[in-house]
Amino acid sequence: MDQATVGNTRDTRTFWRFWTASTVSRAGSNMTTVALPLVALTNLQVSTFQVTLLAAASQAAWLLLGLPAGVIVQKVPLRRMQVAMDLIRMTALGSVPVAWWLDRLTFTHLLLSALVTSLATVLFDIGNSTFLPALVSKDELTARNSLISGTEAVSQTGAPSLSGLLVKVMGAVDVLVIDTVSYALSAAILRTLPERTPAPRPKVSAWRLIREGCAYVVRHPVMRPCVGWAMVSNFFTAGLMALTPLYLVREVGTSSTVVGLVIAADGVGSLLGSMVTTRLTRRWGTARAMVVAALFGGVLALVIPLTTSPASIGFFIVGNAGVAMAVVIGSIVARTHRQVESPPELLSRVMATVRFISWGALPLGALLSGVLAEAFGLRPALWAVCAGFLLAPAVLLTSKVRGLRNLSETRV
């Protein structure tokens, strides 16, 4: 076996360990997507706005830490940081069942646990997105991103369904223990990866580094509208996610098992999206595939509010799956474009800038949905959020992306 073959084998094994750690962690997190709001709803009996506030806290770190995260990831040993973030998430989330067993759990505790977990997740996710291009060639990035998205989709399909069933058997609080264990396993696997020591760099202020990453994204004729699409999509996705358990439990009258199954439809759509992305981009081009997918998701979102009883739950499932499919196709295309087109020295900061803008919309979307639900009721709020998905293709169609076949046709 020659040296190149040995190197390729080692890189492949490293990728699969990376993939395994991410998969284990993501599976636990997707179970928490169902369990955490149900803890608030069933164990603490909180209000509608408090449930959406909890959803906002779970994503708030992208606003608080999104921009500095790119600089932090660039300056610290990556493996060590990711292991630490897993252990922090394990501790924060694990404190919830402990507090419940001791009869000390409060909504404030739940809120703080969600926020701390969110802060650690920001650094972990930016680290993951920066690490992947170092593991595979540029030609493999789309396929590897599709594989990771497909794996996440399978997790999104199976984990919420299982979580809904386990909530019924064990209770929502005890299900959180599974996510705690998943973070511990992820940390143990990540410890086996080779360390990435940051390259020595001239001393430059953090704010200058942040500005460089922001400037590159804002000035890029393709990345800028793609970030706008992601921001709009995430804003209304967060609103939909925050309203889903509330609407299904309090308006439709479904059980925790059905809530898990409906949320799992998100995973089915994500899986389908990850499976067809490579084929669509080869046939239509990356830009056209992204626009068509955005239009498809915007239209299907409008069937979600047609669910008014358990008998019509199919509308919610189909619409939820369609939205997820569209978002995953666009995300794979845009993420691969950023990974290929960004200068290596800017990659972590580009990723952080994009996620600050796009994922920073998540807590805002969750909060707005709560305000609308409190002011007008759950059903009108759901209609407003679902109609908002039509703004996502509008962002692309009013930019240079509209005239492109492939996103890579236009460069800075």
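Parameters at a glance
- Residues numbered from 1 in each chain as written.
- Predicted model: local features only at pLDDT ≥ 70, side-chain atom pairs only at ≥ 80, totals over all residues.
- Heavy atoms only, no water.
- Phe/Tyr/Trp six-rings, centres within 6.5 Å; stacked < 30°, edge-to-face > 60°.
- Helix = DSSP H or I, 4+ residues; strand = E, 2+ residues; numbered from the N terminus.
- Buried < 20%, exposed > 50% of the residue type's maximum accessible area, 1.4 Å probe, protein only.
- pLDDT = per-residue confidence, 0-100.
- Contact = heavy atoms within 4.5 Å.
- Core = buried A, V, L, I, M, F, W, Y, C linked by side-chain atoms within 4.5 Å.
- Polar contact = N/O pair within 3.5 Å; in protein donor to acceptor, adjacent residues only side chain to side chain.

Draft legend 1. Structural view of the packing of aromatic side chains. All chains considered together, the criterion is met by four aromatic pairs. Their ring planes at 80 degrees and their centres at 5.2 Å tell us that Trp 16 and Trp 19 sit as a pair that is edge-to-face. Here the residue Trp 16 and the residue Trp 19 both occupy positions in helix 1 (residues 3-43), the gap between them amounting to three residues, near one helical turn. Judged by relative accessible area, Trp 19 falls into the partly exposed class, the value being 24%.

Draft legend 2. Local environment of the confidence of the model for the protein. Looking at the protein as a whole, the pLDDT averages 83, with 90% of positions reaching at least 70. Predicted confidence is poor over residues 1-10, with pLDDT under 50, and the contacts of this stretch with residues over four places away or in other chains come to one contact.

Draft legend 3. Highlighting the environment of Ala 265. With respect to the helices and strands, the residue Ala 265 is situated in helix 10 (residues 256-284). Ala 265 has contacts with Ile 317, Asn 320 and Ala 321, leaving out every residue within four places of it along the chain.

Draft legend 4. A look at the nonpolar core. By size, the foremost hydrophobic cluster in this structure holds 64 residues, and its most contacted members are Leu 110, Leu 240, Leu 248, Met 290, Phe 316, Leu 382 and Leu 407. Ranked by the residues each element gives to this core, the list is headed by helix 9 (residues 223-252), at eleven residues. Aside from chain neighbours lying at most four places away, what touches Met 290 is Cys 226, Trp 229, Gly 330, Val 333, Ala 334, Leu 396 and Leu 407. Residues Met 85, Val 122, Ile 126 and Met 351 belong to the second largest nonpolar core, which totals 26 residues.

Draft legend 5. Fine view of the side chain of Ser 399. Topologically, Ser 399 is positioned in the segment after helix 16 (391-397). Given the relative accessible area of 16%, Ser 399 is considered buried. At a separation of 2.8 Å, a polar atom in the side chain of Ser 399 contacts the main-chain carbonyl oxygen of Leu 396.

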